[in-house]
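Descriptive analysis of the structure
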Amino acid sequence: MEFKFETAYNQEAITIMAKALRKTVRKKRSRRSHIFGVIVVIFAILLTLPLGDKEFVLDFRTIITWLVSAVMIFVLLFEDKINSYIARKRMLPGLNKSCVTFSADSYYSETELGNSEFKYNNIIMLAEADDYFVFIFSQSHAQVYDKKSISGGTIEEFREFIKGVTGKEIQAI
């Protein structure tokens, strides 16, 4: 059986890829970063509030502290979108669309830059979002496949196929 996907590496697809990396191979580091960020925001609020008989003063330091806290909250809330924006800017021209064919022993990717063959044993983790499958290769490398463009079988058949050839379970994200 041969499956094919055509995927546009747009902002949505790369955001899902960033989310999959954060929730799987970067999970521990991401949790630490979030805890650190929340602690910084709490300290910033506590240090600028008038506690006890202290009078509230709106000075340059207070404004800078609140500004840093607002930036920290923004980064914590939109981490995946920020990461995907940066990744998209660093992407080579010609890699924004791929056509991938999956066969029993390997899979082939066609882009404007050329063709590549990938072996299934290089995949360290499989993830699945509502509209995408994500293959994770390392802390910073992954591939995403748009479920809407599947041909050669159904999504359920592909799910069973990929679990069989990799020997790995698919994590829902």
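Residues numbered from 1 in each chain as written. Predicted model: local features only at pLDDT ≥ 70, side-chain atom pairs only at ≥ 80, totals over all residues. Heavy atoms only, no water.

Geometrically, a pair of aromatic rings is defined through the distance of the ring centres and the angle of the planes. If you walk through the whole model with that rule in mind, you get 20 aromatic pairs. Plain terms: the ring middles of tyrosine 107 and phenylalanine 118 are 5.3 Å apart, the flat faces sit at 25 degrees to each other, and that makes the pair stacked. Taken together, the residues span a long stretch of sequence, with tyrosine 107 in strand S3 (residues 106-111) and phenylalanine 118 in strand S4 (residues 114-119) at a distance of 11 residues. Pairwise contacts between aromatic rings join Phe3, Phe5, Phe102, Tyr107, Phe118, Tyr120, Phe133, Phe135, Phe137, Tyr145, Phe158 and Phe161 into one cluster. (Phe/Tyr/Trp six-rings, centres within 6.5 Å; stacked < 30°, edge-to-face > 60°. Helix = DSSP H or I, 4+ residues; strand = E, 2+ residues; numbered from the N terminus.)

Strand order across the open sheet formed by four strands is S7-S6-S5-S8, with mixed pairing between neighbours. What marks the edges here is a single partner per strand, and that holds for strand S7 (142-146) and strand S8 (170-172). Put simply, the sheet's adjacent strands are angled 25 degrees from each other on average, direction ignored. In this structure, strand S5 (residues 125-128) lies alongside S8, joined through three bridges in parallel fashion. Bridged to alanine 127 within S8 is glutamine 171. Where helix H1 (residues 11-23) meets the sheet, its contacts fall on S5, strand S6 (132-136), S7 and S8, and the angle it forms with S6 comes to roughly 50 degrees. (Pairing = 2+ DSSP bridges. Axes fitted to C-alpha atoms, helices over the stretch in contact; angles between N-to-C directions. Contact = heavy atoms within 4.5 Å.)

Moving on, we get to the packing of H1 against helix H2 (residues 27-48). At a closest axis distance of 6 Å, the pairing of H1 and H2 adopts a crossing angle of 90 degrees. Taken together, the axes of H1 and H2 are roughly perpendicular relative to one another. Only Lys27, Ser30 and His34 of H2 make contact with H1, whose side of the interface consists of Leu21, Arg22 and Lys23. For the contact of H1 with H2, the residue count by class is one nonpolar, two polar and three charged. (Parallel < 35°, antiparallel > 145°, perpendicular 65-115°, else oblique. Nonpolar A, V, L, I, M, F, W, Y, C, P; charged D, E, K, R; others polar.)

Looking at the largest pocket, its volume works out to about 960 Å³. Lining of the largest pocket is provided by 28 residues; of these, Met17, Met91, Ser140, His141 and Ala142 occupy positions nearest its centre. Every element with two or more residues in the lining of the largest pocket is listed here: H1, helix H4 (79-90), strand S2 (97-102), S3, S4 and S7. Looking at which element gives the most residues to the lining of the largest pocket, the answer is H4, with five residues. One number sums up the size of the second largest pocket: a volume of about 170 Å³. Taken together, Leu47, Thr48, Lys54, Glu55, Phe56, Val57, Asp59, Arg61, Thr62 and Thr65 make up the full set of residues lining the second largest pocket. (1 Å grid on protein atoms, 1.4 Å probe; cavity = no way out; pocket = protein on both sides within 12 Å on 5 of 7 lines; lining within 4 Å. Points joined across faces, edges and corners; volume = space filled by probe spheres on them.)

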